[in-house]
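What follows is each chain in one-letter form.
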Amino acid sequence: MEDQVLEKIRSQLLNIDPVNFCENKLTLDGNPFRLTGNGYKPFSDIYRYVGIKALEKSSLPIVITAGRQVGKTTLACALSMYFLGSGLFGNGTNPAIRLI
């Protein structure tokens, strides 16, 4: 009984984690989209930072720039899917998120 309650709390907390959302809901070329255990830890930190900052009431726009092709297009697409599919934004309480 306690294990079920703790697992339910854990799963609900993981719903707001962009990395968990991307790894469980998205695919890349038909394979699971993975950010952990493969050298993309800096990207998972960026995903979490952007996701956390977007939830803050006093958050400011975030600009990410890159000097070469390092996966920022995939990052923008995955984050837009997170913001669209997580149910945290554009729900009447929090405004929709815009990625440019």
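Quick summary incoming for the structure in this document. (Residues numbered from 1 in each chain as written. Predicted model: local features only at pLDDT ≥ 70, side-chain atom pairs only at ≥ 80, totals over all residues. Heavy atoms only, no water.)

1. Looking at the layout of surface pockets
Considering only enclosed or pocket space, the largest pocket measures out at about 820 Å³ in volume. Around the largest pocket, the lining is made up of 26 residues, and of these Pro61, Ile62, Ile97, Arg98 and Leu99 lie nearest the centre. Those elements that provide at least two residues to the lining of the largest pocket are α3 (41-55) and α4 (72-85). Take the lining of the largest pocket: its biggest share by element is five residues, from α4. Looking at side-chain class alone, the lining of the largest pocket contains 18 nonpolar, three polar and five charged residues. Forming the walls of the second largest pocket are 13 residues, and the residues nearest its centre are Leu28, Phe33, Leu35, Tyr40 and Thr74. Going through the elements one at a time, α3 and α4 are the ones with two or more residues in the lining of the second largest pocket. Here the residues of the lining of the second largest pocket sort into nine nonpolar, three polar and one charged. (1 Å grid on protein atoms, 1.4 Å probe; cavity = no way out; pocket = protein on both sides within 12 Å on 5 of 7 lines; lining within 4 Å. Points joined across faces, edges and corners; volume = space filled by probe spheres on them. Helix = DSSP H or I, 4+ residues; strand = E, 2+ residues; numbered from the N terminus. Nonpolar A, V, L, I, M, F, W, Y, C, P; charged D, E, K, R; others polar.)

2. Notes on α4
Helix length check: α4, at 14 residues, gives a terminal C-alpha distance of 20 Å against a target of 20 Å (1.5 Å per residue), a fit within 8%. Regarding α4, the residues found buried are Leu75, Ala78, Leu79, Tyr82 and Phe83. Down the axis of α4, the sector holding all buried residues measures 135 degrees, keeping them to one side. Set apart from the buried face of α4 by more than 90 degrees, the exposed residues are Thr73 and Leu84. Looking at the buried positions of α4, the neighbouring elements they touch are α2 (18-25) and α3. After α4 finishes, the residue glycine 87 shows a positive phi value of roughly 80 degrees. (Expected span 1.5 Å × (residues − 1). Buried < 20%, exposed > 50% of the residue type's maximum accessible area, 1.4 Å probe, protein only. Arc of directions from axis to C-beta. Contact = heavy atoms within 4.5 Å.)

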